[in-house]
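Geometric and topological summary
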Amino acid sequence: GNMELYSKSLNVLGLIYKSQKNYRLAINAFKENLSIEQTLGDEKRDVVGVYSNLGLTYYEAKIFDTALIYQLTALKMAGKDKRSIQFAIANLNIALTYDELKKYDLALKHYNVTLPIFKELGDEYGLSLVYMNTGANDNIFKNYKSAKQNLSRSLDISLKLGLIDNLDLVYGGLASAEEGLGNYKAAYTYLSKSKKLHDSIFNSENSKQFGDLKTNFEVEKKEAELKLKSDAEKQKITLVANEEKKQQKIIIFSCIVVLVIVCVFSIFLYRRFKLTQKQNFIIEAKEKETHAQKETIEEKQKEILDSIHYAKRIQQALMPNEHFIKKTFDRLKNKENWQG
């Protein structure tokens with residue numbers, strides 16, 4: 001999760017791929033490096049360096065137009081400090097690219113900008129490159145005296161630093177300059193040294209090229225393995241995702257079924273409730289009606305009983321009571337007995 005270290009690692013990885021001449025992987029690494037550097041958004045980030053690396057990689061891959069685009073972008077961004085090493089390197093890379101595009105006047109213009117900065121910074125390696133390429137351009141414009149001076153300065157630095165690749169080109173450039181000045185013996189001497197050194201580099205390069213081929217094979221093999229692993233992981237992820245979708249569909253279907261059952265059951269209960277409510281209403285109505293009839297019957301019964309009681313009282317009032325009747329009958333009986 002440390003994007004700063006990840007970005008630095010990509011930059012180093014790009015440089016390794018570039019040194020192996022695996023330009024495709026180098027460009028991919030540098031582009032991802034650039035994307036992260038731009039995302040981090042810190043002014044101190046080395047975005048200029050990444051643009052320079054991309055430009056140099058396209059340059060070595062001989063895609064010069066694209067190289068120039070990245071190099072000019074790096075120059076524009078580095079232009080805030082016209083005495084910085086980044087500004088000097090950007091100008092040097094642009095000059096080298098203009099040389100390849102055969103725009104030698106533009107190349108010389110950028111070499112001239114670069115030279116005093118390298119001198120001020122004490123960058124001998126940069127000076128060796130500027131002197132060498134300026135001398136080569138002088139030869140093209142037939143400024144052989146200037147070419148000899150610049151190439152001799154590059155030769156001194158290259159011998160001091162042991163820059164074998166530079167020496168091959170410097171010897172060849174000095175041979176051309178001496179020939180142009182009419183110094184054929186010196187020209188032959190430099191040409192012999194150039195050929196001897198060139199043969200040595202060629203043999204060394206062949207051995208290195210075999211190692212590069214082996215390295216590239218191992219890299220491509222590893223990439224293929226990673227791709228297969230990635231495809232297998234993607235397939236596994238797809239299977240898991242499909243299984244999860246299937247499970248989700250089952251869960252959703254189950255939920256729908258449960259909801260339908262709940263709805264049907266709810267409707268049944270509601271209808272049952274309404275029916276029970278209606279029956280209760282009918283029963284209550286009948287109970288009220290029965291109660292009313294009962295009250296009516298009880299009231300009629302009470303009226304009848306009241307009438308009976310009333311008639312009974314009248315009868316009781318009109319008829320003598322039992323004691324009076326008995327007493328009367330006793331008196332009559334006694335009277336009959338007396339008369340007989």
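Think of each chain on its own: its residues are numbered from 1, step by step along the sequence as written. It should be noted that, the model being predicted, local features are given only for residues of pLDDT at least 70 and side-chain atom pairs only at 80 or more, the latter also being counted only at that level, while totals for whole chains, interfaces and linings use all residues. Hydrogens and waters are ignored; side-chain quantities use all the structure's heavy atoms.

Whether a set of points on the 1 Å grid over the protein atoms alone is a cavity depends on a 1.4 Å probe fitting there but being unable to get out, while an open set qualifies as a pocket with protein on both sides within 12 Å along at least five of seven lines; lining residues are those with an atom within 4 Å of a point. Grid points are joined across faces, edges and corners, and a volume is the space filled by probe spheres set on the points. Quantified by volume, the largest pocket comes out at close to 1,900 Å³. Taken together, 50 residues make up the lining of the largest pocket; nearest its centre are Tyr-59, Glu-60, Tyr-125, Leu-129 and Leu-169. What counts as a helix is a DSSP run of H or I of at least four residues, what counts as a strand is a run of E of at least two, and both are numbered from the N terminus. Of all the elements in the fold, those that place two or more residues in the lining of the largest pocket are helix H1 (3-19), helix H3 (47-60), helix H5 (85-100), helix H6 (104-121), helix H7 (124-140), helix H9 (164-180) and helix H10 (184-318). Examining the composition of the lining of the largest pocket, we find that 9 residues originate from one element, H7, more than from any other. Only Asp, Glu, Lys and Arg are considered charged, only Ala, Val, Leu, Ile, Met, Phe, Trp, Tyr, Cys and Pro nonpolar, and every remaining residue, Gly among them, polar. Looking at side-chain class alone, the lining of the largest pocket contains 22 nonpolar, 15 polar and 13 charged residues.

Let us now look at helix H4 (residues 64-78). Side chains of residues three or four places apart in an α-helix project in the same direction, reflecting 3.6 residues per turn. Every helix has an expected span of 1.5 Å times one less than the residues it contains. Here H4 is 15 residues long and its end C-alpha atoms lie 20 Å apart, about the 21 Å a rise of 1.5 Å per residue gives. Here H4 has its buried residues at Phe-64, Ala-67, Leu-68, Tyr-70, Gln-71, Ala-74, Leu-75 and Ala-78. Whether two residues are in contact is decided by their heavy atoms, any of which lying within 4.5 Å being enough. Contacts from the buried residues of H4 go to helix H2 (23-40), H3, H5 and H6. Note on exposure labels: buried denotes an accessible area under 20% of the residue type's maximum, exposed denotes more than 50%, and partly exposed covers the range between, all computed with a 1.4 Å probe on protein chains only.

Our next topic: the packing of H7 against helix H8 (residues 144-161). Lines are fitted to the C-alpha atoms to define the axes, a helix being fitted only along its stretch in contact, and any angle between axes, read from their N-to-C directions, falls within 0 to 180 degrees. In the contact formed by H7 and H8, the axes pass within 7 Å of each other and the chain directions differ by 150 degrees. Judged by the angle between their axes, H7 and H8 are roughly antiparallel. As H7 packs across H8, the resulting crossing turns out to be left-handed. When H7 is examined against H8, the residues Glu-124, Tyr-125, Leu-127, Ser-128, Tyr-131, Met-132, Thr-134, Gly-135, Ala-136, Asp-138 and Asn-139 are found in contact with a partner set consisting of Tyr-144, Ser-146, Ala-147, Asn-150, Leu-151, Arg-153, Ser-154, Ile-157, Ser-158, Lys-160 and Leu-161. A per-class count over the contact of H7 with H8 returns 10 nonpolar, 8 polar and 4 charged. Roughly parallel covers angles under 35 degrees, roughly antiparallel covers those over 145, roughly perpendicular covers 65 to 115, and oblique covers all other angles. For any pair of crossing helices, the crossing counts as left-handed if the nearer helix is rotated counterclockwise from the farther one by less than a right angle, and right-handed if it is rotated clockwise.

Right, let's talk about the nonpolar core for a bit. Throughout, nonpolar core names a set of buried Ala, Val, Leu, Ile, Met, Phe, Trp, Tyr and Cys residues whose side chains join them through atoms within 4.5 Å. In this structure, Leu-54, Leu-92, Tyr-111 and Leu-155 are the most contacted members of the largest nonpolar core, which totals 51 residues. The element best represented in this core is H5, accounting for 8 residues. When near neighbours in sequence (up to four residues on either side) are disregarded, Leu-54 contacts Ile-27, Phe-30, Lys-31, Leu-34 and Tyr-70.

Residues enter patches when their relative accessible area tops 30% and they take part in no salt bridge; the joining distance is 9 Å for like charges and 5 Å for the nonpolar side chains Val, Leu, Ile, Met, Phe, Trp and Tyr. Note on areas: these come from Shrake-Rupley sampling with a 1.4 Å probe, and a residue is covered only by the protein chains present in the view. Salt bridges are counted wherever a side-chain nitrogen of Lys or Arg sits within 4 Å of a carboxyl oxygen of Asp or Glu. Together, Ile-252, Ile-256, Val-260 and Val-264 give the surface a local cluster of nonpolar side chains, amounting to about 360 Å² of exposed area. Assignment of secondary structure puts Ile-256 in helix H10. On the accessibility criterion, Ile-256 (45% relative accessible area) is partly exposed.

What follows covers the packing of aromatic side chains. Working definition: a ring pair exists when centres of Phe, Tyr or Trp rings (six-membered ring for Trp) sit within 6.5 Å. Plane angles under 30 degrees give stacked, over 60 give edge-to-face, the rest tilted. The final tally for this structure, using the stated rule, is 4 aromatic pairs. With a centroid separation of 5.6 Å and an interplanar angle of 5 degrees, the aromatic rings of Tyr-58 and Tyr-70 are classed as stacked. You can see Tyr-58 sitting in helix H3 and its partner Tyr-70 sitting in helix H4, a full 12 residues away along the chain. As far as the burial class goes, Tyr-58 and Tyr-70 line up, both buried. The structure contains a cluster of three or more aromatic residues connected by ring pairs, namely Tyr-51, Tyr-58 and Tyr-70.

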